[in-house]
Amino acid sequence: MALAGVYDLTDLRPGHRVEWTAISGDPTRLTRLSLFVEDGVEIALTFNGPVTAERLDPPIRETDRRETLVLDGTLYEALVARNAPERFAVDLTALLAGQVDFRRELQGGETFALVWQEDQLPDGSIAGEPRLNYARLELADRVLELVATEAAGPVIVFEDGEAVQRSAAPILGARLSSVFGRRNHPVLGGVRMHTGIDYAAPVGTEVSATGAGRVVFAGTIRGYGLTIDIDHGGGVVTRYAHLSEIAEDVREGTRVKAGDSIGAVGATGLVSGPNLHYEVRVDGRPVDPTDREALPEQEIASSEDLDALTTWRRETGFEALVVGDRG
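Values in this document were obtained by computation on a predicted structure and should not be read as measured data.

Asker: Sorry if this is basic, but what is going on with the overall build of the protein chain here?
Answerer: Along the protein chain, the regular secondary structure elements total three helices and 22 strands. Burial statistics for the protein chain: of 327 residues in total, 47% are counted as buried. Contacts in the protein chain between residues at least 24 apart in sequence constitute 56% of all its contacts with a sequence separation of at least 6. Accessible area for the protein chain stands at about 16600 Å²; split by element, carbon and sulfur atoms hold 50% of it.

Asker: What should I look at first to understand the pattern of salt bridges in this one?
Answerer: If charged atoms from side chains of opposite charge come close, those side chains can pair. Scanning all chains against the criterion turns up 16 salt bridges. Notably, a salt bridge pairs Glu145 with Arg136, separated by 3.0 Å at the nearest N-O pair. Each member of the pair Glu145 and Arg136 is classed as buried. The network of salt bridges with shared partners includes Arg65, Glu67, Arg82 and Glu118.

Asker: Where do I start with helix α3 (residues 303–316) in this structure?
Answerer: Because an α-helix completes one turn every 3.6 residues, residues spaced three or four positions apart along the sequence face the same direction. For α3, built from 14 residues, the straight-helix expectation of 20 Å at 1.5 Å per residue is met to within 8% by its first-to-last C-alpha distance of 20 Å. Restricting attention to buried positions, one finds in α3 the residues Asp305, Ala308, Leu309, Trp312, Arg313 and Thr316. Taken around the axis of α3, the buried residues stretch over an arc of 130 degrees, which confines them to a single face. Seen from the open side of α3, the exposed residues pointing more than 90 degrees away from its buried face are Ser303, Glu304 and Asp307. Looking one or two residues past α3, Gly317 carries a phi angle of roughly 85 degrees, positive in sign.

Asker: In this structure, what is going on with a negative patch on the surface? I would like to understand it.
Answerer: On the surface, a cluster of negative charge is made up of Asp8, Asp11, Glu38 and Asp39. Inspection of the secondary structure assignment puts Asp8 in the segment before β1 (17–23). For Asp8, a relative accessible area of 41% gives the class partly exposed.

Asker: Teacher, can you tell me more about the packing of aromatic side chains here?
Answerer: Each aromatic ring pair is specified by the distance between its two centres and by the angle formed by the two planes. Per the stated rule, a full pass over the model turns up two aromatic pairs. Ring geometry for Phe88 versus Trp116: centroids 5.8 Å apart, planes at 80 degrees, classification edge-to-face. Taken together, the residues Phe88 in helix α2 (residues 88–95) and Trp116 in strand β6 (residues 111–120) connect sequence positions 28 residues apart. You'll find Phe88 and Trp116 in the same group, each marked buried. A ring pair is formed by Tyr240 and Tyr278, whose centres lie 5.5 Å apart and whose planes are at 50 degrees; its orientation type is tilted.

Asker: Sorry if this is basic, but what is going on with the side chain of Arg65 here?
Answerer: For Arg65, the location among the structural elements is in strand β5 (residues 61–70). By relative accessible area, Arg65 is classed as buried at 17%. A polar contact is formed between the side chain of Arg65 and the backbone oxygen of Asn83, at a distance of 2.8 Å. Beyond its immediate stretch of four places on either side in the chain, Arg65 contacts Arg82, Asn83, Ala84, Leu114, Val115, Trp116 and Glu118.

Asker: I'm lost on the environment of Glu86 in this one. Help?
Answerer: Looking at where Glu86 falls in the secondary structure, it is placed in the loop between α1 (75–81) and α2. Put simply, Glu86 and Leu75 are eleven residues apart on the chain and 8.8 Å apart in space, counted from C-alpha to C-alpha. Setting aside its immediate chain neighbours within four residues, Glu86 contacts Tyr76, Leu79 and Val80. A distance of 3.3 Å separates a polar atom in the side chain of Glu86 from a polar atom in the side chain of Tyr76.

Cut-offs and rules
- Residues numbered from 1 in each chain as written.
- Predicted model: local features only at pLDDT ≥ 70, side-chain atom pairs only at ≥ 80, totals over all residues.
- Heavy atoms only, no water.
- Helix = DSSP H or I, 4+ residues; strand = E, 2+ residues; numbered from the N terminus.
- Buried < 20%, exposed > 50% of the residue type's maximum accessible area, 1.4 Å probe, protein only.
- Contact = heavy atoms within 4.5 Å.
- Areas by Shrake-Rupley, 256 points an atom, 1.4 Å probe, with all protein chains shown as cover.
- Salt bridge = Lys/Arg side-chain N within 4 Å of Asp/Glu carboxyl O.
- Expected span 1.5 Å × (residues − 1).
- Arc of directions from axis to C-beta.
- Patch = residues over 30% accessible without salt bridge, like charges linked within 9 Å, V, L, I, M, F, W, Y side chains within 5 Å.
- Lys, Arg positive; Asp, Glu negative; His and termini not counted.
- Charge placed at Lys NZ, Arg CZ, Asp CG, Glu CD.
- Phe/Tyr/Trp six-rings, centres within 6.5 Å; stacked < 30°, edge-to-face > 60°.
- Polar contact = N/O pair within 3.5 Å; in protein donor to acceptor, adjacent residues only side chain to side chain.

Encoded structure:
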């Protein structure tokens, strides 16, 4: 088949567009058929002689964007108002987990600065996923900054200019579908304690370790389904459950770093649909992953991290090193 090696038809999704051209006067004889899939990619079949297929990638322009927001509602609403990536609302909640509780600590009036890159297609639409470089959140009593020196790697979090944590989101671009605490169980029914937070995402979505540590369990647990537990030291263990698969090189005893791929989203165990259950346990007791006391300090900043922090502060107009330096 002409499409072999060019495009897998099982990747077709709602919203993909088909266009075709036929010989004038005979609509049953096609000369060209085009399938437009993700990110403006065209899969073109031509019928002049033997059927041929080719993939045509549109020209992409890498665009740098930055926004400074003053929150008067939710972060999600502020991002939508500035035509900024909505997914950052969830990603930042996960990346800053352990440092700020977005539900309780944001009272309104906080300054939030973001710097990211995105790939723009000729029609102005965005291809692929945005890449966060820097974020700065000014709270009443402290300043939090997030620096990413690698597009798909972990980030380092600074509080008042001091490195406090190197971490990665367990999953990027997903929807937060359930929070920590008592809830109606979606399968068993009745009010039960939910010991983590859930991210709804398609089966196969990559799952990452949120911090450095050692895998202490990789297998199946009743209710949780396919599960990975990572010991980060200091009595802190993170759990990643309902997986569809575990990465080939991840097994008991494996050491991982923040941002390492460890598995993929699934629907194993007691679930109503595909999601990642992310849990943090301290001394064996489940705690809210968004609690700023949940995760310990893990690393110090490298010279590369500090250089990036200085660069983004300068380029966004924030020269203050600590809270007290702000006017």
